[in-house]
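Listed below are the residues making up each chain.
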Amino acid sequence: MSAAARRSALAPFRIRNYRFQWPSDLLTSWAFEIETLVLGWYILVETGSVLLLTVLASLQYVGTLIAPVLGMVGDRIGHRDLLVVLRLTYTVLASTIMALALTGHLAPLKVMIIVTIMGLIRSSDLGLRSALLADIMPSELLVGAISLSRTTQDSARIAGALTGAGLFATFGIGKVYVVIACLYVVAAGLMFCLTRPAKSAEHRLVESHSGSRLLRDLREGIVYSWNGPAMLAALCVAFLANLTAFPLTNGLLPYIARDIFHTDQTGLGYLSASFALGSLIGSVTLSLVSGLRIARLLIGATLAWYTLLLVFVEIRTIPVAMACLVLAGIAQSMSMISAAVILMRTASAHLRGRVMGVRMMVIYGLPIGLLAAGSLIDLIGYSATGSLYAAAGFIAMLAIAIRWRADLWPVHAPANAR
């Protein structure tokens, strides 16, 4: 990378608040990833039930539908202050699990209850980060700041998976949660060091009316997204991916590591990190390449993703599975970034927030897919379930591409603008 490119990539760090938000978000993402891996392995080992594993993973997304409410709260009290409160809450919940584990009182039911509480607020963290970035960054640096934040989330998934697996294998869940609680409290402290962004007159106007307008604004965003063909196609792809693709590489991965590859939590860390590495490669590649036809990339990357998942469910050796997951991660990153770009590019500026709120709501496809997969694995087995999910996703993606071909395939379509 040239010196000019490096200066451009690091330009957001010239903003003082960003120098605190970036490490705070990184530590939070790191803690999220360690918790997801450790708790998934704990539930699987303690209960032996893949269904309960999928229930645990689903509970982490129970707050998606109330994310617009927390967004309204953030508009009222400030996104920075709300993020401080959320990260202090994560600290309290992680400390509770730590205390229960160290005293020998931890049980699967208690884990489920705590994860449910965390799931109510954790789903909003990513959206609030983006909102805070928009508050603190000059408009000319916003795209670079968001891109940089995206790549650090991918790198945190790699580091979190490997670190969590190593700590869990060496010290056990109680001492791992000492580390997790420390990550959260440091993240909250860094966020507290941010200077509160000044509120504009527009923000103050939203404060005075947002409570009564919340449902109307949400309805308007849904109707607007539904009437925009390119946006609707992108939202359908996002829902489809959460329903049929992410369950195989997210919530089910502890089961796959233990029962399919017969490995321990260290092997689980390698598998999880492989998918995250691919995602990081895809994010970096797209940040460096210009002139792509984004809608065509969405179609091609999503079809490639499902093809790689069809291969992955038949693999029984870890090195080959890791290579396949790296490729699947690359395709996943290109698919999901393309969907986000289409939404941001085709939505009217004053409705982008509501459109992205609708985008967050389609994540509910993931808990539905996870719960269905847990039941299907008990009935027809892992390979049949994985193949069914990947094949159904591939066929549905083809149907989406055909249904909206006039909006996604022609080079002159707005979604393909360079």
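Scope of this entry: the structure provided in the associated data block. (Residues numbered from 1 in each chain as written. Predicted model: local features only at pLDDT ≥ 70, side-chain atom pairs only at ≥ 80, totals over all residues. Heavy atoms only, no water.)

**So, the overall build of the chain**
The criterion, for reference: Starting at the N terminus, helices and strands are each numbered in turn, a helix being any DSSP run of H or I of at least four residues and a strand any DSSP run of E of at least two. Each residue's exposure class comes from its accessible area (1.4 Å probe, protein chains only) as a fraction of the maximum for that residue type: buried when under 20%, exposed when over 50%, partly exposed otherwise. We call two residues in contact when some of their heavy atoms are within 4.5 Å. A 1.4 Å probe and the Shrake-Rupley method give the accessible areas. Residues count as covered only by the protein chains that appear here.
Summing up its helical and strand segments, the chain has 20 helices and 0 strands in all. Relative to its 418 residues, the chain shows a buried fraction of 51%. In the chain, 86% of the contacts between residues at least 6 apart in sequence involve partners at least 24 apart. Working note: accessible area of the chain is about 17,700 Å², and carbon and sulfur atoms make up 69% of it.

**Some points on the nonpolar core**
Selection criterion: In these notes, a set of buried Ala, Val, Leu, Ile, Met, Phe, Trp, Tyr and Cys residues joined through side-chain atoms within 4.5 Å is what counts as a nonpolar core.
Within the largest apolar cluster, 118 residues are counted, with the highest numbers of intra-cluster contacts made by Ile 173, Tyr 255, Ile 256 and Trp 305. Ile 256 has contacts with Leu 248, Phe 261, Phe 312 and Tyr 382, leaving out every residue within four places of it along the chain.

**Side note on the packing of aromatic side chains**
Convention followed: Stacked, edge-to-face and tilted labels apply to pairs of Phe, Tyr and Trp rings (six-membered ring for Trp) whose centres lie within 6.5 Å, assigned for plane angles under 30 degrees, over 60, and everything in between, in that order. By definition here, charges over rings are those cases where NZ of Lys or CZ of Arg is within 6 Å of the ring centre and within 35 degrees of the ring normal.
Considering all chains together, one arrives at 9 aromatic pairs under this definition. Ring geometry for Phe 13 and Trp 22: centres 5.4 Å apart, planes at 75°, overall edge-to-face. An aromatic cluster of at least three residues, connected via ring pairs, comprises Phe 13, Tyr 18 and Trp 22. Arg 80 extends its terminal NZ or CZ atom over the ring of Phe 192, reaching a point 4.9 Å from the ring centre.

**Description of unusual backbone geometry**
Even without being glycine, His 262 reaches a positive phi, approximately 55°. Checked against the element boundaries, His 262 lands in the loop between α13 (253–260) and α14 (265–288). Note on His 262: relative accessible area 65%, which makes it exposed.

**Some points on the packing of helix α18 (residues 365–380) against helix α19 (residues 382–403)**
The condition that has to hold: Whenever a helix is involved, its axis is fitted only over the stretch in contact; in every case the axis is a line through C-alpha atoms, and angles between N-to-C directions fall within 0 to 180 degrees. Each angle gets one of four labels, with under 35 degrees taken as roughly parallel, over 145 as roughly antiparallel, 65 to 115 as roughly perpendicular, and the rest as oblique. By convention the crossing between two helices is left-handed if the near helix lies anticlockwise of the far one by an angle smaller than a right angle, and right-handed if it lies clockwise. We call Asp, Glu, Lys and Arg charged. Ala, Val, Leu, Ile, Met, Phe, Trp, Tyr, Cys and Pro are nonpolar, and the rest, Gly among them, are polar.
Contact geometry of α18 with α19 gives a least axis separation of 7 Å together with a crossing angle of 140°. Between α18 and α19, the angle falls in the class oblique. You can see that α18 and α19 cross each other, and the crossing is right-handed. Contacts from Gly 369, Ala 372, Ala 373, Leu 376, Ile 377 and Ile 380 in α18 reach Tyr 382, Ala 384, Thr 385, Leu 388 and Tyr 389 in α19. Taken together, the residues of the contact of α18 with α19 sort by class into 9 nonpolar, 2 polar and no charged.

**Notes on the pattern of salt bridges**
Convention followed: Each reported salt bridge corresponds to a side-chain nitrogen of Lys or Arg within 4 Å of a carboxyl oxygen of Asp or Glu.
If you walk through the whole model with that rule in mind, you get 4 salt bridges. Ionic pairing is found between Asp 81 and Arg 80, a salt bridge with its closest N-O pair at 2.5 Å. Each member of the pair, Asp 81 as well as Arg 80, is classed as buried. Within the structure, one salt-bridge network assembled from shared partners comprises Asp 25, Arg 87 and Asp 125.

**Looking at the side chain of Gln 332**
Along the chain, Gln 332 falls in helix α16 (residues 318–346). Once residues within four sequence positions are removed from consideration, Gln 332 is found in contact with Arg 150, Phe 246, Phe 275, Ser 279 and Trp 305.

**Comments concerning a nonpolar patch on the surface**
What counts here: What makes a patch is a set of residues exposed beyond 30% relative accessible area and free of salt bridges, joined within 9 Å when like-charged and within 5 Å when nonpolar (Val, Leu, Ile, Met, Phe, Trp, Tyr).
There is a patch of nonpolar side chains on the surface, built from Ile 66, Val 69 and Leu 120 and spanning about 210 Å² of accessible area. You can see Ile 66 is positioned in the loop between α3 (50–59) and α4 (67–77). Using a relative accessible area of 35% as the deciding quantity, one classes Ile 66 as partly exposed.

**Some points on the environment of Thr 346**
As for its placement among the helices and strands, Thr 346 is situated in helix α16. Taking the C-alpha atoms as reference points, Thr 346 and Ala 415, 69 residues apart in sequence, are found 7.0 Å from one another. Apart from residues lying up to four places away in sequence, Thr 346 is in contact with Tyr 224, Ala 230 and Met 231.

**Looking at helix α7 (residues 125–136)**
Applicable threshold: Every helix has an expected span of 1.5 Å times one less than the residues it contains. This arc corresponds to the set of directions leading from the helix axis out to the C-beta atoms.
Taking 1.5 Å of rise per residue, the 12 residues of α7 would be expected to cover 16 Å, and the 17 Å separating its terminal C-alpha atoms lies within 8% of that figure. Considered for burial, the residues of α7 that qualify are Asp 125, Leu 128, Arg 129, Leu 132, Leu 133 and Ile 136. One side of α7 carries all its buried residues, which in axial view fall inside an arc of 145°.

**Here's the deal with the environment of Leu 280**
Tracing the sequence through the fold places Leu 280 in helix α14. For the pair Leu 280 and Ile 330, spaced 50 residues apart in sequence, the C-alpha separation works out to 7.4 Å. Residues within four places of Leu 280 in sequence aside, it is in contact with Thr 151, Asp 154, Ser 155 and Ile 158.

**Some remarks on the side chain of Ser 279**
For clarity, the threshold we go by: The term polar contact refers here to a pair of N or O atoms within 3.5 Å; inside protein, the definition further demands a hydrogen-donor-capable atom paired with an acceptor-capable atom, and it admits residues adjacent in sequence only when both atoms are side-chain atoms.
Structurally, Ser 279 can be placed in helix α14. The exposure class assigned to Ser 279 is buried, which follows from its relative accessible area of 4%. Separated by 3.4 Å, the side chains of Ser 279 and Gln 332 make a polar contact.

**Observations regarding the packing of helix α5 (residues 79–102) against α7**
The contact between α5 and α7 brings their axes to 9 Å, and the two run at 150°. It follows that α5 is roughly antiparallel to α7 by the angle criterion. Between α5 and α7 the crossing geometry is left-handed. Contact residues: His 79, Arg 80, Leu 82, Leu 83, Leu 86, Arg 87 and Tyr 90 in α5; Asp 125, Leu 128, Arg 129, Ala 131, Leu 132 and Asp 135 in α7. Across the contact of α5 with α7, the residue classes tally to 7 nonpolar, 1 polar and 5 charged.

**Points about helix α6 (residues 108–122)**
Taking 1.5 Å of rise per residue, 15 residues should cover 21 Å, and α6 covers 20 Å from first to last C-alpha, within 8% of that figure. The complete set of buried residues in α6 reads Val 111, Met 112, Ile 114, Val 115, Met 118, Gly 119, Ile 121 and Arg 122.

**Things to note about the environment of Leu 52**
Note on placement: Leu 52 falls in helix α3. Exposure remark for Leu 52: the relative accessible area of 34% places this residue in the partly exposed category. In the structure, Leu 52 is positioned 319 residues away from Leu 371 in sequence and 8.7 Å away in space, judged by C-alpha atoms. Dropping the residues within four chain positions of it, Leu 52 is found in contact with Ile 43, Thr 47 and Met 112.

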